[in-house]
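Letter by letter, the chains look like this.
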Amino acid sequence: MKRSKFSDQQIAFILRQAEEGVPVDGNRPFRLAVTHKSSGMKFSVAPAESAVIRSLAPSIIRCGGMGQTWVDEEISKCDLGDARLNQRLGAMLEALDERPGQSLPTAFQDWSNTKAAYRFFANDNVSEDKILAGHFAASALRIRATDGPLLILQDTTEFSFKRAAPEKIGFTKVSTGRKLKEGRHQKHTICGLQMHASLAITPDGLPLGLTAAKFWSRSQFKGTAALKRKINPTRVPIEQKESMRWLDNLRLSTELTGAPERCVHIGDRESDIYELYCLAEELGTSFLVRSCVDRLAEDGDTTIAKVMAEIQPSGTHEIRFRDAQGKDQRAVLSIRHAMMTVRPPIGKQKKYRHQQLQIIHAEEISPPEGRAPVFWKLITNLPVETHADAVHKLEWYALRWTIETFFRTLKTGCRIEELRLTTANRLTNCIALCCVVAWRVSWLTMLRRRSPAASPAAVFTGIECRLLERSMPDGKCKDPPDLDFYITAVARLGGYLDRACDAPPGTTVIWRGFSRLADLVEGARIAEDPSSSIYG
């Protein structure tokens, strides 16, 4: 068959036209023989052959390991100022997605592509904001396609690196080491970067994508402890503190969604910032954060803790979780909730007005020995009128762990801390690209749990489906196979045992499985293509 000169996007358009029976010359439908340039698949298209079109469309949806269409969606709004850079961005995203967790040379397969990637990360026209712009836009589209509340999870993580010239990257904190002979402890700064991200999820836990992200490092720490002894941190303007990142992300995420009334911004104890409460009120959006400060309440002569101590429990709620050792735990929580007037810190009472907020306390009853008791103190501007409302908010806050899983996928799955890039700009560009891959893995993991019977056509190509079907034991096969079957097969390639007592596969086995699947697809392509040459 004759090799087509059309691009992937043109072929996708031709397939859609063919499926709709649109004539080329105005008189007759066409039949086109093409070879897809990314996968090497050869096929013939005719409008009458809708079954063939539907079976081949995934090769446009998903080239190689992940889909070309999803890659296009994630980069369509990226503008790096040069069409070649935009094209390189798509190729790199596809390569990193096929082999998550591999080194850059392994992901890009040869020296020319690897060198091009290094030049891309070092290009002055490339930045993490421009790389993620397309993903933010795609996240907004996915958000608009959903209904109901939207949970925006915020959190911070840090990446540590070992470098001969750490000043080119920056520092994250001061670490205390072993005790020296003279009695003082050895201290050294940690080379690294910090990242603050906002992740949008549905109330069912399905990640829709990042809505904001910020990277930074610190250049010095000298004198900070002494400064805190002289100045009350609550009197320092929020604009001069790193805590401003929480407000920035809240504002950016709210603007991106275009529906502030749907958003519920969820954060841990670090997000217990009074200015955040005021900004949420200004933007007309909601928040649900875990409290770490016993704030002034009511008329200012008491505190939240004192008021809540007099509130009678509204009921109990049982939760199940895993402790630090991975053991299953059960806890029965006593729930108390009340609405009260929360006042700003003394040093800021002239600038900010008081807020009418809901307080929820969930304290474990009779905690076992050897484990810290569960005690959540939540603050929200959402209505909480009944015990069921309070439990509902606790369940929403429990979903905050989703962003921790995203960070773990980014660190462990994409192995960010093993990158050998030498400057902060190059690292942040690479991390931004890996963020999209980490989201995709998290999305597929949760999609299997939320929509197991969905069609696999938008995720897997025909060759991948056939390989995965052959990899599964006969007793595990389904007729017809659904998305649950294929993603489970991917997880088995990554080490998932698939026993009846096993929990659903997580991100770790999913990213390992996709890496192995990419190798299997490449091997099948080489074996089936008689024109391939083997060197070595």
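In what follows, the accompanying structure is described.

Calculation rules
- Residues numbered from 1 in each chain as written.
- Predicted model: local features only at pLDDT ≥ 70, side-chain atom pairs only at ≥ 80, totals over all residues.
- Heavy atoms only, no water.
- Pairing = 2+ DSSP bridges.
- Helix = DSSP H or I, 4+ residues; strand = E, 2+ residues; numbered from the N terminus.
- Phe/Tyr/Trp six-rings, centres within 6.5 Å; stacked < 30°, edge-to-face > 60°.
- Buried < 20%, exposed > 50% of the residue type's maximum accessible area, 1.4 Å probe, protein only.
- Lys NZ or Arg CZ within 6 Å of the ring centre and 35° of its normal.
- 1 Å grid on protein atoms, 1.4 Å probe; cavity = no way out; pocket = protein on both sides within 12 Å on 5 of 7 lines; lining within 4 Å.
- Points joined across faces, edges and corners; volume = space filled by probe spheres on them.
- Nonpolar A, V, L, I, M, F, W, Y, C, P; charged D, E, K, R; others polar.
- Contact = heavy atoms within 4.5 Å.
- Axes fitted to C-alpha atoms, helices over the stretch in contact; angles between N-to-C directions.
- Parallel < 35°, antiparallel > 145°, perpendicular 65-115°, else oblique.
- Left-handed = near helix turned anticlockwise from the far one by under 90°.

## Observations regarding the pairing of strand β11 (residues 315–322)
Here is step 1 of the chain: Of the strand pairs in this sheet, β11 and strand β12 (residues 328–342) are connected by eight bridges, and their pairing is antiparallel. Residue pairing for β12: H317 is matched across the bridge by L333.
Here is step 2 of the chain: Between the end of β11 and the start of β12, which pair antiparallel, lie five residues, with G326 showing a positive phi angle near 85°.

## Points about the packing of aromatic side chains
Here is step 1 of the chain: Scanning all chains against the criterion turns up ten aromatic pairs.
Here is step 2 of the chain: For the pair W376 and Y397, a centre-to-centre distance of 5.1 Å together with 75° between the ring planes defines the contact as edge-to-face. Note that W376 is positioned in strand β14 (residues 375–380) and Y397 in helix α12 (residues 387–398), a separation of 21 residues in sequence.
Here is step 3 of the chain: The buried category is assigned to Y397, whose relative accessible area is 4%.
Here is step 4 of the chain: Taken together through their ring pairs, the aromatic side chains of Y274, Y277, F287 and Y352 make up a single cluster.
Here is step 5 of the chain: One cation-aromatic arrangement involves K214 over W216; the distance from NZ or CZ to the ring centre is 5.8 Å.

## Some points on the layout of surface pockets
Empty space among the atoms can be located by rolling a probe the size of a water molecule over them.
Here is step 1 of the chain: The calculated volume of the largest pocket comes to roughly 1800 Å³.
Here is step 2 of the chain: Taken together, 47 residues make up the lining of the largest pocket; nearest its centre are F321, R322, A398, W401 and T405.
Here is step 3 of the chain: Counting only elements with at least two residues in the lining of the largest pocket, the list comes to β11, β12, β14, α12, α13 (401–413), α14 (424–450) and α17 (507–528).
Here is step 4 of the chain: Among the residues forming the lining of the largest pocket, the class breakdown is 22 nonpolar, nine polar and 16 charged.

## Some remarks on the side chain of H317
Here is step 1 of the chain: Its location among the elements puts H317 in strand β11.
Here is step 2 of the chain: Not counting the four nearest positions on each side in its chain, H317 is found in contact with A331, V332, L333, I335, V391 and E395.

## As for the packing of helix α4 (residues 83–98) against α14
Here is step 1 of the chain: Taken N-terminus to C-terminus, the directions of α4 and α14 make an angle of 45°; their axes are 10 Å apart at the nearest point. The angle between α4 and α14 falls in the class oblique. Crossing hand, α4 versus α14: right-handed. Counting all contacts with α4, which are made through L89, M92, L93, L96 and D97, the residues of α14 involved are L433, C434, V436, V437 and R440.
Here is step 2 of the chain: Tallied by class, residues from the contact of α4 with α14 come to eight nonpolar, no polar and two charged.

## Side note on empty space enclosed by the protein
Here is step 1 of the chain: This model, assessed by the stated rule, comprises one cavity of 30 Å³ or more.
Here is step 2 of the chain: Here the largest cavity defines a volume of roughly 30 Å³.
Here is step 3 of the chain: Taken together, Q154, W246, H265, I266, G267, S271, L276 and V289 form the lining of the largest cavity.
Here is step 4 of the chain: With three residues, strand β7 (residues 263–267) is the largest single contributor of residues to the lining of the largest cavity.
Here is step 5 of the chain: Tallied by class, residues from the lining of the largest cavity come to four nonpolar, four polar and no charged.

## Concerning the environment of L93
Here is step 1 of the chain: For L93, the location among the structural elements is in helix α4.
Here is step 2 of the chain: Taking the relative accessible area as the measure of exposure, L93 reaches 1% and is therefore buried.
Here is step 3 of the chain: When the C-alpha positions of L93 and I75 are compared, they lie 9.1 Å apart, and in sequence the two are 18 residues distant.

## Brief notes about helix α15 (residues 462–471)
Here is step 1 of the chain: Within α15, the full set of buried residues consists of I463, E464, C465, L467 and L468.
Here is step 2 of the chain: Where α15 is buried, its residues contact α16 (483–493) and α17.

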